[in-house]
Amino acid sequence: MNVKKSVISIICLCFMMVFSSTAYALMVGLSTEELTKGSEFIVVGKVESVESMWSKDGKTIISRAHIIINEVIKGEQSKERITVEYPGGEIGDLGLKVSDIRPLKRGEVMLLFLKSKKDQKREDEISLSMGEEDVYQIVGNAQGHYTIDHQGIARKGGFSLIQREDATDNNIPLNILIDKIRGVKN
Amino acid sequence: MLWVATVFAFEVCRTPKQGYEMKWSTSSVNYWVNTTGGPSGSYSAIISAMDTWTNVNTSIFTFTYEGTSSIPIQESDGKNVVGFLSFTSSGIDQSLGRSNIRYYVSTGEIFETDIFINTDYPLATDMSPKAFDVQSIVSHELGHSLCLADLYSTNDSEKTMYWVMSNGETKKRTLDQDDINGITYLYPGVQTGTLLLPIGQNIYFYPPVTDPVKSLNPAMAKPVGVGSVAFGGYLFGLHVALEQFSGPADIYGAYYLSSNPQVIFNLKPDLTFQTFSTQEIIQALSTGQPPAGAVPWKGSVTGPIDEFPLGNIPLSSIPSGTYNLYLLVTQAGSLNAYYLWNTYFVVP
């Protein structure tokens, strides 16, 4: 019997479970090249705040995360802040969880593949004073959302795949991911 | 001595801020089926997927169907709907299926879910190898509506909640034991009787929970809750709950700090702690005899147990660190056989 070994195993399991994430959808896998080509803007940044609100038609909840940009990998270099919009969120006592969306969390550092919402406006969306050109959505829903941990590893989750699980980059050092993105020829 | 560490693969979803488990408060949920846009046989495929989950005999949960309907699936209208949708025209990209789960923030109680299947992909109900199987998709998505999450390990590849699905694949139609464990955990069947005293050495680990979960199945029980610290709150509130035992049992509660794993703190009946070295505990578990002077928190009791022995303690009054908590239930007077539950909490 090796109690120490068991305790260590349990502690390791604790660690793994703390850093695991849950997910709720079936999606087509996108490679880094596909994500890059599908993005207007790719940034590394930190979530400053998140607010949820009702859509314009009052039928659904959406959230907007305000991001402080640390590094622009692709796109306009001059932006310091952007807003990312996604369905789901909490307002008062009502919550909406959307299966293939991984909500952004305040303080989270992440790499995001983004496209502008200016061409995506639909009836159910809100209209704020902010220009739509400043609002982005994540490409491929949760697939374009990498969380960067304190060791500089980029991880994604919050979705499941139909086929092509080997095509996606996950648990990859951030600098290598950035190099792969910059190596994609548009 | 054989150590059996039981860790579940199934994952449940939680509210993002408070971390409450999300689940239905009712044991029966009605679904409408909107087959518009789906392949022939969709209604039967969807009903079969519902029946698959309903037929788990260790869970009281049942899906019932109201019939076909033209109810839109994307609206919050108090009706649960499974249906088909072109995602491209709806501004959703890349997903084969999506579930909208509506819940109360204050409790995590789900009050409506809608499931939609993307008609932009080839769909079939006849096991066509070139199309995606509707029954498999709905079985998987219904798991989400229960609030089970995807599983990523290749060890889980045979399970309905595994994260990858291929065209022509139909194995998600059939639940794996772990899928069954998941629905049983969230919606356990009506159980009567007592928690049988241990006959072997059984170790169960689970991540921190706010409140304990009682179960007659020790593998399903989470007998130690830690209060709001479980999900970023500012209070540690030890809460211990166990079902009635089949005979007299001793209950030990202990903890150690990750920064000092050589010292084990054992909870005494007067709610003070006595310390032992890790070596003493190892020897006790090896010989089946408690360390000299060790007393259980509760000796020779039959339960049920439901206590907050330490009340709520602000984290500001607790030294920083990771606290590893153990609850050990043994046959009274012996350590030869036991249930040992392990969880933890972190004080920043």
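Definitions and cut-offs
Residues numbered from 1 in each chain as written. Chains lettered and ligands numbered in written order. Predicted model: local features only at pLDDT ≥ 70, side-chain atom pairs only at ≥ 80, totals over all residues. Helix = DSSP H or I, 4+ residues; strand = E, 2+ residues; numbered from the N terminus. Buried ≥ 20, exposed ≤ 12 C-beta atoms within 10 Å, placed from the backbone. Contact = placed C-beta atoms within 7 Å. Pairing = 2+ DSSP bridges. Core = buried A, V, L, I, M, F, W, Y, C linked by C-beta atoms within 7 Å. pLDDT = per-residue confidence, 0-100. Axes fitted to C-alpha atoms, helices over the stretch in contact; angles between N-to-C directions. Parallel < 35°, antiparallel > 145°, perpendicular 65-115°, else oblique. Left-handed = near helix turned anticlockwise from the far one by under 90°. Nonpolar A, V, L, I, M, F, W, Y, C, P; charged D, E, K, R; others polar.

A few words now on the overall build of chain B. A tally of regular secondary structure across chain B gives four helices and 22 strands. Considering chain B as a whole, with its 348 residues, one finds that 44% of them fall into the buried category. Long-range pairs, those at least 24 residues apart, make up 67% of the contacts in chain B between residues at least 6 apart in sequence.

With that settled, the discussion passes to the overall build of chain A. A tally of regular secondary structure across chain A gives three helices and twelve strands. Out of the 186 residues belonging to chain A, those deemed buried represent 37%. Contacts spanning at least 24 positions in sequence make up 67% of the contacts within chain A whose residues lie at least 6 apart.

Taking burial as the measure, the five residues of strand β6 (residues 94–98) of chain A include four buried ones, the bulk of the element. When strand β5 (residues 89–91) of chain A meets β6(A), the two strands line up antiparallel, connected through three bridges. Residue pairing for β6(A): E90(A) is matched across the bridge by G95(A). As defined by bridge partners, β6(A) adjoins strand β6 (residues 95–104) of chain B across five bridges and the pair is classed as antiparallel. The residue of β6(B) that forms the bridge with G95(A) is Y103(B).

Residue and element names in this part refer to chain B. The strand order across the open sheet built from three strands is β12-β14-β19, with neighbouring strands paired in antiparallel fashion. Each edge of the sheet is formed by a strand with only one pairing partner; in this case those strands are β12 (224–225) and β19 (305–307). Where strand β14 (residues 239–242) meets β19, three bridges bridge the pair, whose relative direction is antiparallel. The partner of V240 across the bridge, within β19, is E307.

Residues and elements named next belong to chain B. I46, V134 and V138 are the most contacted members of the largest nonpolar core, which totals 47 residues. Excluding its chain neighbours within four sequence positions, the residues that come into contact with V138 are A45, I46, A49, V82 and I115. Listed in part, the 40 residues of the second largest apolar core include A249, F276, I305 and L328.

Per-residue confidence for chain A averages 76 on the pLDDT scale, and 69% of its residues sit at or above 70. Low pLDDT (under 50) marks residues 121–131 of chain A, which in the prediction has 17 contacts with non-local residues, meaning those over four places away or in another chain.

Here we take up the pairing of β14(B). Inspection of the sheet shows β12(B) paired to β14(B) by two bridges, in the antiparallel sense. Across the sheet, residue G225(B) finds its bridge partner in β14(B), namely H239(B).

Now for helix α3 (residues 177–186) of chain B. Of the positions making up α3(B), those classed as buried are D179(B), N181(B), G182(B), I183(B), T184(B) and Y185(B). Buried residues along α3(B) sit in contact with α1 (42–54) and α2 (134–146) of chain B.

Before going further, it helps to examine unusual backbone geometry. Residue and element names in this part refer to chain B. In this chain, G303 is followed by P304 through a cis amide linkage whose omega measures -5°. Mapped onto the elements of the fold, P304 is located in the loop between β18 (298–301) and β19. The phi torsion at L271 lies on the positive side, around 70°, for a residue other than glycine. Residue position: L271 is located in the loop between β16 (260–267) and β17 (273–277). When the 12 C-beta atoms within 10 Å are taken as the criterion, L271 is described as exposed. Phi is positive for S300, which is not a glycine, with a value near 50°. Relative to the helices and strands, S300 is located in strand β18.

Next up on the list: the confidence of the model for chain B. All names here are of chain B. Scored by pLDDT, chain B has a mean of 87; 94% of the residues are at 70 or more. The model gives residues 1–7 a pLDDT under 50, and that stretch makes 22 contacts with residues more than four places away or in other chains. Of the two predicted TM-score estimates for the complex, the pTM is 0.62 and the ipTM is 0.74.

Residue and element names in this part refer to chain B. Across the interface, α1 lies against α2 with an axial gap of 8 Å and an inter-helix angle of 45°. Judged by the angle between their axes, α1 and α2 are oblique. Taken as a pair, α1 and α2 cross one another with a handedness that is right-handed. Residue-level contacts link S42, A45, I46, S48, A49, M50, T52 and W53 of α1 to V134, Q135, V138, S139, L142 and L146 of α2. Broken down by class, the residue content of the contact of α1 with α2 amounts to nine nonpolar, five polar and no charged.

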